[in-house]
Amino acid sequence: MKMHFCIPVSQQQPDALGGRYTLYSVYLDGFLFCRVRYSQLHRWNEQLRRVFGNCLPPFPPKYYLAMTTSMADERRDQLEQYLQNVTVDPNMLRSDVFVDFLKRVQLVVSHKIGLCRELLGYFGLFLIRFYKEGKLSVMKKLADFELPYVSLRSSEVENCKVGLRKWYMDPSLDSMLMDCRAAVKLIYMQAIQDIEKEWAKPTQLQRQKLEALQKEDNQTKFLELSQEVQHYGYMQLDPCTCDYPEPGCGAVLSVGNNEISCCITLPNNQTQDIIFQMNRVKCWQVTFLGTLLDMDGPQRTLNQNLELRFQYSENSRWQWFVIYTKQAFLLSSCLKKMISEKMVKQAAENPEMQIEVPEQGKSKKYHIQQSQQSQSQKNYSSFRPRKSKIKIAEVDCVLGTIKEEGL
């Protein structure tokens, strides 16, 4: 699955010989992932090319003379485009060369989860922010190659922790985990938390039955009954704004089970529940709005002004709906997850079904598209960062001194 990489800023750093080099801040899904040199990315590209040959996108050329500001800005844009394009190929994402390098630039640590190995894919690590009033906010899902501790430190968000949650949007997939005691305990604990946080909304009768089962510690029956609860297994986003039915309306989104459920607050403070079915979503894109950098803190970070807009079929015509949320990347990941789960389900029901993979080189600058074919219909997602000029800053590297011989 395509990753949302972005390089909005670079810093000049002194080297051991008295010269200077450029350090590029690489963001993944809107959060600082690592800082890396051109030479490191260049050697990584050479390693990938030995494995994948000409399937790779073009890599920015070397400059043997001092770069001007415009040349440095162009290289930063080209490196960003390279990272976006290289993640389109799923085989590349799974390769050891790809994963090992990204782990290396984040520092090597190990992490083990007490689950059956074949069930690890049903769970994921998330950055979760906790608030004093007991609320929580899922900020992003960590990629498989991310190191939790380093990503947590890089996020620079108060009261943020790494949490383990199930990572599937179809609640019926609980049935795949029922033979593993550790997996059942994990989804049971999450179900209790989601009900307490009012992400899942049981009726009064359902709540009474669930409380009785919880007292008995009957986890299996508790989860079976939870399947009937509204928004069970959904991902709830923080309150945000949208442009439907009119601009500036407040909204609370719950995503799961092949739908986007919106509780919209109208200008007259009345609420309206609207459900968007995923089989009627044609495409969507995430866009950075406003300035990319927040200059208030000690380090340059992304100012999380984001929007996600999706094209939806309503009354036999396509129209765009816009959601303004700092969790746009998380929402995009949830939408892609629902599509992939639906396609896997359809492929199991129809073994002759073919899944189309996008060809390399189809992407244009700042418009990276993914395609998946389902019932002869393509679904596209894209990421549009706003272009900004290079920023030069004298800041310490988050990873300390990076030595080229360490690669």
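Since this is a predicted model, take the numbers as computed values, not measurements.

Thresholds, definitions, all that
Residues numbered from 1 in each chain as written. Predicted model: local features only at pLDDT ≥ 70, side-chain atom pairs only at ≥ 80, totals over all residues. Heavy atoms only, no water. Salt bridge = Lys/Arg side-chain N within 4 Å of Asp/Glu carboxyl O. Helix = DSSP H or I, 4+ residues; strand = E, 2+ residues; numbered from the N terminus. Buried < 20%, exposed > 50% of the residue type's maximum accessible area, 1.4 Å probe, protein only. Pairing = 2+ DSSP bridges. Axes fitted to C-alpha atoms, helices over the stretch in contact; angles between N-to-C directions. Contact = heavy atoms within 4.5 Å. Phe/Tyr/Trp six-rings, centres within 6.5 Å; stacked < 30°, edge-to-face > 60°. Lys NZ or Arg CZ within 6 Å of the ring centre and 35° of its normal. Expected span 1.5 Å × (residues − 1). Parallel < 35°, antiparallel > 145°, perpendicular 65-115°, else oblique. Left-handed = near helix turned anticlockwise from the far one by under 90°. Nonpolar A, V, L, I, M, F, W, Y, C, P; charged D, E, K, R; others polar.

1. Details of the pattern of salt bridges
Here's step 1: Throughout the structure, instances matching the rule amount to six salt bridges.
Here's step 2: Of the charged contacts in the structure, one is a salt bridge between D194 and R165, with a shortest N-O distance of 3.5 Å. Placement of D194 in helix α6 (residues 181–196) and of R165 in strand β6 (residues 160–166) is noted, with a sequence separation of 29 residues between them.
Here's step 3: On the basis of relative accessible area, D194 is assigned to the buried category, the value being 5%.
Here's step 4: In this structure R165 comes out as buried when scored by relative accessible area, which is 4%.
Here's step 5: Linking K345 and D170 is a salt bridge whose minimum nitrogen-to-oxygen distance equals 3.8 Å. Of this pair, K345 sits in helix α9 (residues 328–349) while D170 sits in the loop between β6 and α6, and the two are 175 residues apart along the sequence.

2. A few points about unusual backbone geometry
In most cases, non-glycine residues show a negative phi, while peptide bonds are predominantly trans.
Here's step 1: Residues Y244 and P245 are joined by a peptide bond in cis, for which omega reads 0 degrees.
Here's step 2: Here P245 shows up in the loop between β8 (240–242) and β9 (249–256).
Here's step 3: Phi at N258 takes a positive value of approximately 65 degrees, unusual for a residue other than glycine.
Here's step 4: Following the sequence through the fold, N258 ends up in the loop between β9 and β10 (259–265).
Here's step 5: For N315, which is not glycine, the phi torsion reads 55 degrees and is therefore positive.
Here's step 6: The residue N315 is located in the loop between β15 (306–314) and β16 (317–324) in this model.
Here's step 7: We classify N315 as exposed; its relative accessible area is 66%.

3. Some points on the environment of T220
Here's step 1: Checked against the element boundaries, T220 lands in helix α8 (residues 219–226).
Here's step 2: Measuring from C-alpha to C-alpha, the distance between T220 and Y188 comes to 8.2 Å, with 32 residues separating the pair along the chain.

4. Observations concerning the sheet that holds strand β4 (residues 123–130)
Here's step 1: Ordered by their spatial adjacency, three strands build an open sheet running β5-β4-β6, and the pairing between neighbours is antiparallel. Of all strands in the sheet, those with a lone pairing partner are β5 (136–141) and β6, marking the two edges. The average angle at which neighbouring strand axes cross in this sheet is 40 degrees, direction not considered.
Here's step 2: α6 rests against β4, β5 and β6 of the sheet, and its axis sits at about 115 degrees to β6.

5. Let's talk about the packing of aromatic side chains
Here's step 1: Taken as a whole, this structure holds 14 aromatic pairs when the rule is applied.
Here's step 2: Between F126 and W167, the ring centres sit 5.6 Å apart and the planes meet at 70 degrees, which makes this aromatic pair edge-to-face. Within this pair, whereas F126 is found in strand β4, its partner W167 is found in the loop between β6 and α6, the two being separated by 41 residues in sequence.
Here's step 3: Here Y312 and F321 contribute two aromatic rings whose centre-to-centre distance is 6.0 Å and whose plane-to-plane angle is 80 degrees, an arrangement assigned as edge-to-face. Of the two residues, Y312 and F321, both sit in the buried class.
Here's step 4: What links up through ring pairs into an aromatic cluster is the set Y244, F276, F310, Y312 and F321.
Here's step 5: Its guanidinium or amino end placed over the ring of Y21, R37 lies 3.8 Å from that ring's centre, counting from NZ or CZ.
Here's step 6: The ring of Y38 is capped by R75, whose NZ or CZ atom sits 3.7 Å from the centre of that ring.

6. Digging into the pairing of strand β1 (residues 5–14)
Here's step 1: Most of β1 sits out of view: nine of its 10 residues are buried.
Here's step 2: The sheet contact formed by β1 and strand β2 (residues 20–28) spans eight bridges and is antiparallel. Note that in β2 the partner of V9 across the bridge is S25.

7. Some details on the side chain of S340
Here's step 1: Note that S340 resides in helix α9.
Here's step 2: Among the residues examined, S340 registers a relative accessible area of 18% and is labelled buried.

8. Some words on the side chain of K141
Here's step 1: Along the chain, the position of K141 falls in strand β5.
Here's step 2: If sequence neighbours within four positions are ignored, K141 has contacts with D29, G124, L125, F126, E146, W167 and L330.

9. Details of helix α1 (residues 38–52)
Here's step 1: In this model, α1 (15 residues) spans 20 Å end to end at C-alpha, consistent with the 21 Å of a helix rising 1.5 Å per residue.
Here's step 2: By the burial criterion, the buried members of α1 are Y38, S39, Q40, L41, H42, W44, N45, L48 and F52.
Here's step 3: Phi turns positive, to about 65 degrees, at G53, one or two residues after α1.

10. Overview of the packing of α6 against α8
Here's step 1: Between α6 and α8, the least distance of the axes is 10 Å, while the angle of their chain directions is 50 degrees. Put simply, α6 runs oblique to α8. The crossing of α6 and α8 is left-handed. Judged by residue contacts, V184, K185, I187, Y188, A191, I192 and I195 of α6 engage Q219, F222, L223 and S226 from α8.
Here's step 2: Considering only residue class, the contact of α6 with α8 consists of eight nonpolar, two polar and one charged.

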